[in-house]
Amino acid sequence: MLKTSSACLAFCLSTAILMSGCSPARFYQQTDEKISGIIAEKQQEALGRSESLSLHSPADLLRQKLLIEQQLPRVGPESLGSAHLPPSDHWPQQAKPPVSDPTSRLEPVSTTEPLSLIDALQVAARNSREYQTRKEDLFRSALALDFERDAFRSTLSGSLEGRYVQDRSASSTTGNPVEGTATSLLGGVSRLLKSGATLTAQIGLDLIQMLQPGKASSSGLFGDTSITVPLLRGAGRHIATESLTQAERDTLYAVWTFERFKQEFAVSVTDSYYSVLQTNDTLRNQAENYRGLIASSRRAMRLAEAGKLPQIQVDQSLQNELRARERWIAARQSQARALDNFKNLIGLPTDAQITLDRDEFSHLENTISRELPRVFEDSATQPSTVAGAEAEIVLRPPSRAESGRFEIDPAEAGSIALKNRVDIKIARYRVADAQRHIVVAADALLPELTLFGSVATGTGRSIAALQSDNSTRLDFNRGYYQGILTLDLPWERTAEAIAYRDSYISLERAVRSLQELEDQVKLQVRNDLRELEQARAGLKIQQQAVTLAERRVRGAELQLQAGRAQMRDLLEAQEALLSAQNALTAVMVDYRSAELATQRDLGTLQVDANGIWHEYPSGDTQL
């Protein structure tokens, strides 16, 4: 009875220890720690640097603040995030998200202050659904890698079993049923070696205590170990570790893919931000033009009343005023539409009330003026100088002397892009993957020759076959040894032959994909440089156009007051000024967008975990 009680006690204690050490919360935390380490390792390998990457959404996201503070309509707690969901039935205990997210201090505190561009980039990195999904893709890739690595770790197993048995089938011969308890402890370890061999070992202990009849007891210790070694098919490190190698590569690709996405996303957010500012500026220009045309209509009516202007010119002025009102209303709608699209892009509620910092446009203008000093210095000059009626007309392309720092030689730009673009690196690695897959497919065509060896010693115990003597020592001199060599001849390898032939097609496709991407990258960069040159030339042209239009409006007003011009001349001058102002705003945005697009397509634009980008070539320059 004492042995039985001890066995039951051991069983209860072991069960309690296992349950306390294997809670969902503990598994959650341990997995997060391992995956964070894998991602940091792969970031260092792929990028030469690592940065914190958390999947946990802070509780103070700007989206949630806006929904709550502005009392915006929402479908339910899901709108505020998963942390606000009520727990479902049987919800497991889960590890708490980190108390402080690395980017939490960067979230704007106030929901009423205008968003600067830096604020917008950070808000997008924390609130955008697509950004979060891309982070999860990287995290899942690291999870898959950890699973593949686990296949080559030592795997421990253990079990503790307690049984109560009552056998009444023997009562007719003995007069009493056979009754007893059995406790079995079993522990084992297995490991897949990177050579392809598999090792397993286990040891067990049986404790038998009879209750009826005789209260006899017995114990038995037993163990066995085995090894399986492939000699042909499946042999070799390059074959056995192929799944692990591919998982390592896939995680590397995920790091590069996420890095490329960050570049594209940051440029997209910046473009959208400037587009909203552009619509703001266009709206202001339309409003000023509308006011000017109202004033012109009033002036025309006064002149008509004094008999100095025919009614047809008054009607002409009123028609232009009506068109200006229509365009002003359309500009208001365009501005609201652009702002809503921007909010949707960065993950904020579409109906939230936010404003963007108008000073960013002045900052943009100052940045471009510092970038292109000669363009701005020459903007006040006349577009051309007439040397004489018979002088030869020479068309000159934009001067390279006025170019910005990103307008580099196309050949040099192509070399930089091919060296730095992460999608090019992925495509090259895909070619190497396809080559490895051919090797693996060829291995599958070989005969399967396997060597198996094992040794077992000791015996187990059971109530049905109780032995009174104990055996609690492993005696390998009395062990059972065996060795087996099996050969599976490759008579049926149709599926493997098809896979082998298909692997060559995959290689050719991978090579063509790399070639196509190489040409596309070169084309992108060359087009970016053309956009830069065109935008730079447009800056100079539109600045000159604004100067001329302003002079034309002033001249038309003076001529009209002196009676030497018609109202149509003033209206046309005002229309030209409005077009020049809007075009100047647009071309400034185009130039800055082209600069960012060039850096993105060169692969030199660095974007940190907070969504803030750093420019090339001065990598320490932060927006």
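Residues numbered from 1 in each chain as written. Predicted model: local features only at pLDDT ≥ 70, side-chain atom pairs only at ≥ 80, totals over all residues. Heavy atoms only, no water.

Before we move on, can you summarise the overall build of the chain with the specific residues and values?
The helix and strand inventory of the chain stands at 15 helices and eight strands. Look at the contacts in the chain between residues 6 or more apart in sequence, and 78% of them connect residues 24 or more apart. On the chain, roughly 34,800 Å² of surface is accessible, and the fraction owed to carbon and sulfur atoms is 54%. (Helix = DSSP H or I, 4+ residues; strand = E, 2+ residues; numbered from the N terminus. Contact = heavy atoms within 4.5 Å. Areas by Shrake-Rupley, 256 points an atom, 1.4 Å probe, with all protein chains shown as cover.)

Account for empty space enclosed by the protein, with residues named and values stated.
Following the criterion strictly, the structure yields one cavity of 30 Å³ or more and no others. By volume, the largest cavity is sized at about 40 Å³. As for the largest cavity, its lining consists of Leu121, Ala124, Ala125, Tyr131, Lys262, Phe265, Ala266, Val269, Val607 and Gly611. Among the secondary structure elements, those contributing two or more residues to the lining of the largest cavity are helix H4 (117-127) and helix H8 (242-305). Top element by residues in the lining of the largest cavity is H8. It accounts for four residues. The class makeup of the residues in the lining of the largest cavity is eight nonpolar, one polar and one charged. (1 Å grid on protein atoms, 1.4 Å probe; cavity = no way out; pocket = protein on both sides within 12 Å on 5 of 7 lines; lining within 4 Å. Points joined across faces, edges and corners; volume = space filled by probe spheres on them. Nonpolar A, V, L, I, M, F, W, Y, C, P; charged D, E, K, R; others polar.)

Outline the packing of H8 against helix H9 (residues 311-345), supporting the account with residue identities and numerical values.
Between H8 and H9, the shortest axis-to-axis distance is 8 Å and the interhelical angle comes to 160°. Judged by the angle between their axes, H8 and H9 are roughly antiparallel. For the element pair H8 and H9, the recorded crossing hand is left-handed. In terms of residue class, the contact of H8 with H9 is built from 21 nonpolar, twelve polar and four charged. (Axes fitted to C-alpha atoms, helices over the stretch in contact; angles between N-to-C directions. Parallel < 35°, antiparallel > 145°, perpendicular 65-115°, else oblique. Left-handed = near helix turned anticlockwise from the far one by under 90°.)

Got a sec to walk through unusual backbone geometry? Specific residues and values, please.
Positive phi values are uncommon outside glycine, yet glutamine 71 reaches one of about 50°. Along the chain, glutamine 71 falls in the loop between helix H3 (62-69) and H4.

I'd like a description of the pattern of salt bridges, backed by residues and values.
The tally for this structure, following the rule as stated, stands at 33 salt bridges. The salt bridge involving arginine 260 is made with glutamate 264; its shortest N-O contact spans 3.3 Å. Pair noted here: arginine 260 and glutamate 264 are both in helix H8, with a separation of four residues, about one helical turn. In this structure glutamate 264 comes out as partly exposed when scored by relative accessible area, which is 36%. Through salt bridges with shared partners, a single network forms among Glu41, Lys42, Glu45, Arg149 and Glu248. (Salt bridge = Lys/Arg side-chain N within 4 Å of Asp/Glu carboxyl O. Buried < 20%, exposed > 50% of the residue type's maximum accessible area, 1.4 Å probe, protein only.)

Explain the pairing of strand E5 (residues 448-458) to me, and be specific about the residues and the numbers.
As paired strands, strand E4 (residues 217-230) and E5 are joined by nine bridges and run antiparallel to one another. In the sheet register, aspartate 224 faces E5, and the bridge partner there is alanine 456. By the bridge criterion, nine bridges tie E5 to strand E6 (residues 480-488) in an arrangement that is antiparallel. When the sheet's bridge partners are listed, phenylalanine 452 is paired in E6 with isoleucine 484. (Pairing = 2+ DSSP bridges.)

Kindly report on the confidence of the model for the chain, identifying the contributing residues and their values.
In the predicted model, the chain carries a mean pLDDT of 84, and the fraction of residues at 70 or more is 85%. Below pLDDT 50 for its whole length, residues 1-9 participates in seven contacts with residues either more than four positions away or in separate chains. Counted against residues more than four places away or in other chains, residues 99-105, with its pLDDT under 50, gives ten contacts. (pLDDT = per-residue confidence, 0-100.)

Could you give me a rundown of the packing of aromatic side chains, with the residues and numbers involved?
Evaluation of the coordinates by the stated rule reveals eleven aromatic pairs. Ring plane angle 55° and centroid distance 5.6 Å describe the contact between tyrosine 131 and phenylalanine 265, whose orientation is recorded as tilted. With a gap of 134 residues between them, tyrosine 131 in helix H5 (residues 129-150) and phenylalanine 265 in helix H8 connect regions that are remote in the sequence. Members of the aromatic cluster, connected to one another through ring pairs, are Tyr131, Phe258, Phe261 and Phe265. (Phe/Tyr/Trp six-rings, centres within 6.5 Å; stacked < 30°, edge-to-face > 60°.)

How would you summarise the packing of helix H14 (residues 494-561) against helix H15 (residues 567-602) if you had to cite specific residues and measurements?
Following both chains from N to C, one finds H14 and H15 inclined at 160°, their axes separated by 7 Å at the closest point. One way to sum up the angle between H14 and H15 is to call them roughly antiparallel. When the axes of H14 and H15 are compared, the crossing they make is left-handed. For the contact of H14 with H15, the per-class residue count stands at 26 nonpolar, seven polar and eleven charged.

How would you explain a nonpolar patch on the surface if you had to name every residue and give the values?
Side chains of Leu231, Leu232, Leu446, Leu451 and Leu485 sit close together on the surface and give an oily, nonpolar patch of about 410 Å² of accessible area. When you line up the elements, leucine 451 lands in strand E5. Note on leucine 451: relative accessible area 40%, which makes it partly exposed. (Patch = residues over 30% accessible without salt bridge, like charges linked within 9 Å, V, L, I, M, F, W, Y side chains within 5 Å.)

If you had to explain the nonpolar core to someone new, which residues and values would you point to?
Of all hydrophobic cores here, the largest spans 89 residues; its most connected members are Tyr273, Phe342, Ile346, Leu356, Ile368 and Leu539. Ranked by the residues each element gives to this core, the list is headed by H8, at 17 residues. Listed in part, the 15 residues of the second largest apolar core include Leu293, Leu309, Val553 and Ala556. (Core = buried A, V, L, I, M, F, W, Y, C linked by side-chain atoms within 4.5 Å.)

If you had to explain the environment of alanine 576 to someone new, which residues and values would you point to?
With respect to the helices and strands, alanine 576 occurs in helix H15. Linking alanine 576 and alanine 545, residues 31 residues apart in sequence, is a C-alpha distance of 8.6 Å. Residue contacts for alanine 576: discarding those within four places in its chain leaves Ala549 and Arg552.

I'd love a proper account of H4, names of residues and values included.
Summarising burial for H4: nine of the eleven residues are buried, a large majority. Those residues of H4 not exposed but buried are Leu117, Ala120, Leu121, Gln122, Val123, Ala124, Ala125, Arg126 and Asn127. Buried positions along H4 lie against H3, H5, H8, H9, helix H10 (359-371) and strand E8 (613-614).

For H15, give the residues involved together with the corresponding values.
Compared with an ideal rise of 1.5 Å per residue, which puts 36 residues at 52 Å, H15 spans 52 Å between its outermost C-alpha atoms and is within 8% of the ideal. At the exit of H15 stands glycine 603, carrying a positive phi of roughly 80°. (Expected span 1.5 Å × (residues − 1).)

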